[in-house]
Amino acid sequence: METSIKMTKLAKCAGCGAKVGAGTLSALLGGLPVRRDERLLVGYDTSDDASVYRISDDLVLVQTVDFFPPIVDDPYTFGQIAAANALSDIFAMGAEAKLAMNVLCVSPQMDDEAVRELLRGGYEKAYEAGAIITGGHTIQSEEPKYGLSVSGFAHPDRFLRNCSAQPGDVLLLTKPLGIGVTTTAARAGLADPDAYRQAVEWMRTLNKAARDIMMRFEVHSCTDVTGFALLGHGCEMAEGSGVTIELYNSRIPMLPGALELARDGLLPEGMYRNRAFAESRVWADPALELAAQDLLYDPQTSGGLLIAAAPQDAEALLRALNGSIPCAAAIGQAVPRGDWAVVVKP
Amino acid sequence: MNLPVIDARGLACPEPVVLTQQAHRQHKQFAVLVDNKVAVQNIARFCQNRGLALTVTEENGEYRLEIAAK
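What comes next concerns the included structure. Keep in mind that this is a model prediction, so the values were computed, not measured.

Contacts between the two partners involve 16 residues from chain A, matched on the other side by twelve residues from chain B. Taken together, both faces of the contact between chain A and chain B bury some 1200 Å²; the carbon and sulfur share is 53%. Here Arg45(B) ties to Asp294(A) by a salt bridge, and the two come within 2.5 Å at their closest N and O atoms. Summed over the shared surface of chain A and chain B, the result is eight residue pairs in polar contact (both at pLDDT 80 or more). Of all elements in the fold, only helix H8 (258-263), helix H9 (269-278) and helix H10 (290-296) of chain A reach the threshold of two or more residues within the side of chain A that touches chain B.

Put into structure tokens, the structure is as follows:
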């Protein structure tokens with residue numbers, strides 16, 4: 001259903017581009033006391049996608065929360081994207097999403113219909129993910145925001161950290177990059193309509209199918225590519241794992257037209273934040289033009305999974321992924337730690 | 001000669017680069033005022049891509065970008 005409000009006009013920054021930079025965040029959290037609990041298996045330390053808490057010998061609780069301002073104008077689509085993005089953290093841990101709560105900021109400029117449409121989109125995605133919505137919290141705010149707090153479950157031996165890649169692993173990516181530049185250009189009416197339509201489709205696509213397939217194979221590590229971009233999340237995986245990640249730019253799936261938009265400087269502010277945070281740890285082949293490098297720092301909203309698969313399983317995993325996700329690709333590999341966290345080759 | 005001046009101060013991306021694109025269609029030579037580094041960098045990329053000469057001067061956190069067809 002059409003509503004008259006253009007959601008992005010109510011927001012200053014869009015989607016995951018609104019995320020506080022990784023560098024700023026660790027400085028803010030730095031002074032706070034950290035309490036240990038031996039049941040907490042994944043916490044702050046490794047900048048992982050979700051926290052993991054052991055409930056029993058065969059069950060861990062996986063928890064995450066994610067919300068942001070509108071990245072698209074249509075409230076229903078925004079609801080779908082925000083929910084898919086929040087649920088993604090659970091899938092990136094290799095877990096199953098079970099319980100979700102709405103986190104909602106309603107702007108006075110949204111009418112009741114817009115709020116209902118937004119929530120309809122969120123509920124639809126939560127149900128599609130296999131979760132139920134059990135409640136939530138709604139406040140008034142000038143800028144609308146939406147997301148979910150999600151709880152999921154996994155077996156203690158079968159969840160995936162972002163810091164356990166091994167040398168030899170093959171790196172797979174399950175959605176194309178370029179979502180940040182494409183949505184930025186769309187705000188100015190400069191995005192190709194077909195490329196923009198593809199970006200929206202990808203943003204509202206759950207990472208559930210990729211997760212379900214991935215869990216049938218030997219995978220050592222996984223994260224989702226969101227606000228900190230491929231290279232930000234790639235650095236976290238490489239450094240947490242004590243490996244170097246080598247990527248081949250030409251193999252990285254990309255939305256059509258994204259490179260030309262980057263060349264024209266239609267880059268979101270988050271790209272520069274991500275670059276400032278990660279570039280001292282990344283070596284990019286000088287043959288790669290600036291715009292191609294920029295795209296690897298482009299903040300993604302509801303991006304794909306970055307999977308480190310055991311070499312003997314990687315080919316079969318990719319084939320299985322390609323059955324439902326044709327653009328999924330092997331984009332590089334983990335090698336013994338060298339001078340750089342991530343190396344990008346043409 | 002008085003350069004046409006586009007005031008893009010206070011605007012968030014992508015507005016400054018969009019105004020620069022529009023000005024580029026109308027003028028061979030013009031100036032853009034911006035007040036943030038991201039806008040400067042985005043406009044620099046635009047100029048590089050379109051083969052335009054760019055001169056940047058900074059004063060008190062505000063930038064004047066003079067742009068000319070080469």
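We are not done yet, so read on.
Residues and elements named next belong to chain B. Spanning 14 residues, helix H2 (residues 37-50) covers 20 Å between terminal C-alpha atoms, matching the ideal 20 Å at 1.5 Å per step. Buried within H2 are the following residues: Val38, Ala39, Val40, Asn42, Ile43, Arg45, Phe46 and Cys47. The backbone nitrogen of valine 38 has a side-chain oxygen 3.3 Å away, supplied by the residue at the start of H2, namely asparagine 36. In the stretch just after H2, glycine 51 is the one whose phi turns positive, near 65 degrees.

Residue and element names in this part refer to chain A. In this structure the tally under the stated criterion is two aromatic pairs over all chains. On the basis of an interplanar angle of 45 degrees and a centroid distance of 6.1 Å, the ring pair of phenylalanine 68 and phenylalanine 78 is categorised as tilted. Taken together, the residues phenylalanine 68 in strand S3 (residues 59-68) and phenylalanine 78 in helix H2 (residues 75-92) connect sequence positions ten residues apart. The same class applies to phenylalanine 68 as to phenylalanine 78, namely buried. Look at tyrosine 123 and tyrosine 127: their rings are 6.0 Å apart centre to centre, the planes differ by 85 degrees, and that puts the pair in the edge-to-face class. Pair noted here: tyrosine 123 and tyrosine 127 are both in helix H3 (residues 112-128), with a separation of four residues, about one helical turn. Positioned above the aromatic ring of tyrosine 248 is the side chain of arginine 251, whose terminal nitrogen or guanidinium carbon lies 4.1 Å from the ring centre. The ring of phenylalanine 277 is capped by arginine 281, whose NZ or CZ atom sits 4.5 Å from the centre of that ring.

The rules we used
- Residues numbered from 1 in each chain as written.
- Chains lettered and ligands numbered in written order.
- Predicted model: local features only at pLDDT ≥ 70, side-chain atom pairs only at ≥ 80, totals over all residues.
- Heavy atoms only, no water.
- Contact = heavy atoms within 4.5 Å.
- Buried area = accessible area lost by both parts, 1.4 Å probe.
- Salt bridge = Lys/Arg side-chain N within 4 Å of Asp/Glu carboxyl O.
- Polar contact = N/O pair within 3.5 Å; in protein donor to acceptor, adjacent residues only side chain to side chain.
- Helix = DSSP H or I, 4+ residues; strand = E, 2+ residues; numbered from the N terminus.
- Expected span 1.5 Å × (residues − 1).
- Buried < 20%, exposed > 50% of the residue type's maximum accessible area, 1.4 Å probe, protein only.
- Phe/Tyr/Trp six-rings, centres within 6.5 Å; stacked < 30°, edge-to-face > 60°.
- Lys NZ or Arg CZ within 6 Å of the ring centre and 35° of its normal.

Any functional reading would require information that these geometric values do not contain.
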